[in-house]
Amino acid sequence: RIGARGDEVDFYAAHQGFPWFRQLTQAHAGLAGARYQDTFAFTGNLCGANVACSLTLAERDGQLHDGDLIVGFAAGTGAVWWAFALKWGRT
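Scoring rules and cut-offs
Residues numbered from 1 in each chain as written. Predicted model: local features only at pLDDT ≥ 70, side-chain atom pairs only at ≥ 80, totals over all residues. Heavy atoms only, no water. Helix = DSSP H or I, 4+ residues; strand = E, 2+ residues; numbered from the N terminus. Rg over C-alpha atoms; globule rule 2.2 N^0.38 Å. Buried < 20%, exposed > 50% of the residue type's maximum accessible area, 1.4 Å probe, protein only. Contact = heavy atoms within 4.5 Å. Areas by Shrake-Rupley, 256 points an atom, 1.4 Å probe, with all protein chains shown as cover. Lys, Arg positive; Asp, Glu negative; His and termini not counted. Charge placed at Lys NZ, Arg CZ, Asp CG, Glu CD.

A. Looking closely at the overall build of the protein. The helix and strand inventory of the protein stands at three helices and three strands. Along the chain direction, N to C, the helices and strands of the protein fall in the order β-α-α-α-β-β. Computed over C-alpha atoms, the radius of gyration of the protein comes to 12 Å, within 12% of the 12 Å expected from 2.2 N^0.38 for 91 residues, which places it in the range of a compact globule. Taken over the C-alpha atoms alone, the protein extends approximately 35 × 30 × 20 Å along its principal axes. In the protein, buried positions account for 41% of the 91 residues. At a minimum sequence separation of 6, the contacts of the protein that also span at least 24 residues come to 52%. Counting only carbon and sulfur atoms, one obtains 59% of the accessible surface of the protein, whose full area is about 5400 Å². Averaged over its 7 positive side-chain charges, the protein has a centre that lies 3 Å from the centre of its 8 negative ones.

This is how it looks when you write it as structure tokens:
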């Protein structure tokens, strides 16, 4: 637990193994208001690299700001699942 409510999360970076996976996990986690970057349409399934790709593109597009609370989630084959929360910024 990070001590934050879902409406306090600014950006959701998700594994996108299927076109609908980001939407489903974002809604289930209560992060409907968080910004996101969909990558599946042009990358397909990048496994856990979807998270890094999503963050890279979001930064490039100006969606990430210093102090943003980011929650990420990725899934892999079998029992490989992970999540994180971090504050974005270089300061």
